[in-house]
Amino acid sequence: MQHYCNSLTEYKRLETLEVKVGDLLIGNNHPIRIQTMTTTDTMDTAATVAQAIRCIEAGAELVRITAPSKKEAENLLAIKQALRQQGYHTPLVADIHFTPNAAEIAARIVEKVRINPGNYVDKKKFEQLEYTDSEYQEEIDRIRERFTPLVKICQEHGTAMRIGTNHGSLSDRIMSRYGDTPMGMVESAMEFLRIAEDLRYRNIVLSMKASNPQVMVQAYRLLVHTMQQELGHCYPLHLGVTEAGDGEDGRIKSAIGIGTLLEDGIGDTIRVSLTEDPEFELPVCKDIVKWYTNRNDQTKLQPVENISYSPFEYKRRATIATENLGDKQVPVVVADYSRFAALQPADLAAIGYNYDEPTDKWNIGDAAADYIFTDTLPAFALPGTLRVITKADNWKTLADKSAALPLFDAASYNAAGETAAVNFVKVDCLALQAPENEALFTKLADAKTASQTVLVAEATGSMAMAAIRRLFILLEEKHIASPVIVHSISQQATADEHLVHHAVETGALLLDGFGDGLWLTNNPATREDAAVLNNIAFGILQATRTRISKTEYISCPSCGRTLFDLQETTARIRAVTHHLKGVKIAIMGCIVNGPGEMADADFGYVGSGVGKITLYKGKEIVKRGLNSDVAVAELINLIRENGMWVEKN
């Protein structure tokens, strides 16, 4: 086991225990299940039933419903009966946070209960407290006393359980010993899991959710490693990026976090948490999961005996600085214009360059590509921040060879008599042991040659990410420090599938510190791809925290606890703050998804009562009980007071 999965070069599902949720089986190599959560008031039986039906008909195999108190937990019976009477037998999951009594009621009614160990028993006042060993153990004993009744009820009624840790809702006690870390998340879940194991209750699924895909992936990997080391077996895992947001950004962030783990066979059920109606989450789930259904790619990659990097912490691969690539420079973006016959200045607006003819000046956006790849060089002067890459054979014919940089394949680069100061070289990662690649790696052993070479890693098929990762591991083994651009080539059928493909393939590499640039290509391609793929590329870099080019929104997907219209409010806040590059704003519907689950947001907008909003700076309350009609303006004032506001251009 590569510390956390069966293999880095062969797709194989991680073996887990089997969990029964009603008639649905999870784990133990059963299909990856997809699920969502209702956003209606749980006390509104008709609305909750109607929304649950829409979700089921959209493909949900489990439907989660919030039960914040005993009355909502009791009303789950009416909801379940209404669904069954209408012929819907999809298992229901009760979502519990602060109320063990509600969990114990729900466990007698629905097929599964979800508890958050950070909220269930432990205190969470966001105080930095010191615990002695004896005080720490007293709290563990208190958890055992309060948690044991729920376990016994689940055993008696055949009810499954999810122990769902969230990054932002770790208890004071866990924070005091482990900090706000993936290891703290793992230990928070393991404390409850150990109690369940002692009681011989194993009908459990676990999750490690965070709004930051990097933290989320590390936590799941650590959990697998810990279960293997301590228990000798693994429980099924429910995957998700919590508070992913909405639109394209929410889909990219979810695909990266979930897909990175599924690539290595980790994950048995998923949910995409979008600030949208829950039925819109299911198509995204389907697009992610179908890539791993009946996978039969027989591609053989060279096995990895040892890895030279830690999969449990982020560290960027050390590289040589070559032009604006590598070393500590942010990853670049390459825009593919190879299908444009004759470029015009207006064509570059799609990738962040707007030409103003009266002033003869370029206006450059924060998400402007760094390179274009084209067969036909532009007949006009480009902005100074944009470089051209062209095929090596084309480059050799140029009168002014400084006008572009050449793209070779491995064989032609090895044999090249003339090269440029900086050369791009395509590497087929599905054939790393081919003679031309072996010769290329020998050539790159020379430090000067390596400093003049930028590799372009390519692969297609279902093993593409693993193949490109294998290249990075090989470069580490051979001590080759040339920068690498990841060229993701999607051959999917729809725009949504293209997005998922690029996000998973490149995001999984970036989260492990691999990659000095992105080049995204759709096949077949259209002229409209330039703008779409440029947005996706910068979205991937933002989601992996490797290049920040825009405001980041951490917004929960809404549920029956939500105290205002999340979709409308998110849109209002986005409309007035979207120009604040690098600022992280959390928009939370209630206290459960409030100060804790905002994780690392700079500012928070949290529902604290009907029509009432509390504003946070980090996890500190700044203004409490604001009327919602003035709260957005007060948020802007708060950002301004903290020196992070800039006026729109």
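Residues numbered from 1 in each chain as written. Predicted model: local features only at pLDDT ≥ 70, side-chain atom pairs only at ≥ 80, totals over all residues. Heavy atoms only, no water.

Structural notes on the sheet that holds strand E8 (residues 204-209)
- A sheet is described by the order of its strands in space; here eight strands give the open sequence E8-E7-E6-E5-E4-E3-E10-E9, paired in parallel fashion. A single partner strand is all that each edge strand has here, and the edge strands are E8 and strand E9 (238-239).
- In this structure, strand E6 (residues 112-115) lies alongside strand E7 (residues 160-166), joined through four bridges in parallel fashion. From the neighbouring strand, Ile115 faces E7, where its bridge partner is Ile163.
- Packing against the sheet, helix H10 (residues 281-289) makes contact with strand E3 (33-37) and strand E10 (269-270), and its axis sits at approximately 160 degrees to E3. (Pairing = 2+ DSSP bridges. Helix = DSSP H or I, 4+ residues; strand = E, 2+ residues; numbered from the N terminus. Contact = heavy atoms within 4.5 Å. Axes fitted to C-alpha atoms, helices over the stretch in contact; angles between N-to-C directions.)

Section: the nonpolar core
- With 166 residues, the main nonpolar core has Phe147, Leu150, Met161, Leu206 and Ile288 as its most contacted residues.
- With 10 residues, the top contributor of residues to this core is helix H15 (residues 464-477).
- One finds Ile585, Phe603, Leu626 and Ile639 within the second-largest nonpolar core, a separate group that totals 18 residues. (Core = buried A, V, L, I, M, F, W, Y, C linked by side-chain atoms within 4.5 Å. Buried < 20%, exposed > 50% of the residue type's maximum accessible area, 1.4 Å probe, protein only.)

Some details on the sheet that holds strand E16 (residues 405-409)
- Strand order in this closed barrel of eight strands is E11-E14-E15-E16-E17-E18-E19-E20, and the pairing throughout is parallel. Geometrically, the sheet is characterised by an average inter-axis angle of 25 degrees between neighbouring strands, direction not taken into account.
- When strand E14 (residues 371-373) meets strand E15 (residues 387-391), the two strands line up parallel, connected through three bridges. Paired with Phe373 across the two strands is Ile389, which belongs to E15.
- Packing of helix H17 (residues 529-543) onto the sheet brings it into contact with strand E11 (332-336) and strand E20 (517-522), and relative to E20 it is tilted by some 140 degrees.

Concerning the layout of surface pockets
- There is about 590 Å³ of room inside the largest pocket.
- Around the largest pocket, the lining comprises 25 residues; the ones closest to its centre are Asp366, Ala367, Ser549, Lys550 and His578.
- Looking at which element gives the most residues to the lining of the largest pocket, the answer is H17, with four residues.
- Its residues assigned to classes, the lining of the largest pocket shows eight nonpolar, 10 polar and seven charged.
- Lining of the second largest pocket is provided by 19 residues; of these, Tyr11, Asn294, Arg295, Asn296 and Asp297 occupy positions nearest its centre.
- Of the residues assigned to the lining of the second largest pocket, the class counts are eight nonpolar, six polar and five charged. (1 Å grid on protein atoms, 1.4 Å probe; cavity = no way out; pocket = protein on both sides within 12 Å on 5 of 7 lines; lining within 4 Å. Points joined across faces, edges and corners; volume = space filled by probe spheres on them. Nonpolar A, V, L, I, M, F, W, Y, C, P; charged D, E, K, R; others polar.)

Points about helix H16 (residues 495-511)
- The end-to-end C-alpha separation of H16 is 24 Å, in line with the 24 Å expected for 17 residues at 1.5 Å each.
- With respect to burial, H16 is a largely interior element, 15 of its 17 residues being buried.
- Phi turns positive one or two residues past the end of H16, at Gly513, with a value near 85 degrees. (Expected span 1.5 Å × (residues − 1).)

Quick notes on the pattern of salt bridges
- Scanning all chains against the criterion turns up 30 salt bridges.
- With a shortest N-O distance of 2.8 Å, Glu111 and Arg84 are connected by a salt bridge. Taken together, the residues span a long stretch of sequence, with Glu111 in the loop between helix H3 (100-106) and E6 and Arg84 in helix H2 (residues 70-85) at a distance of 27 residues.
- Classification of Glu111 as buried rests on a relative accessible area of 13%.
- A salt bridge links Arg317 to Asp516, with the shortest nitrogen-to-oxygen separation between them at 3.8 Å. With Arg317 in the loop between H10 and E11 and Asp516 in the loop between H16 and E20, this residue pair connects regions lying 199 residues apart in the sequence.
- A residue is classified by how much of its surface remains accessible, and Arg317, at 5% relative accessible area, is buried. (Salt bridge = Lys/Arg side-chain N within 4 Å of Asp/Glu carboxyl O.)

In short, shape yes, function no, at least from these values alone.
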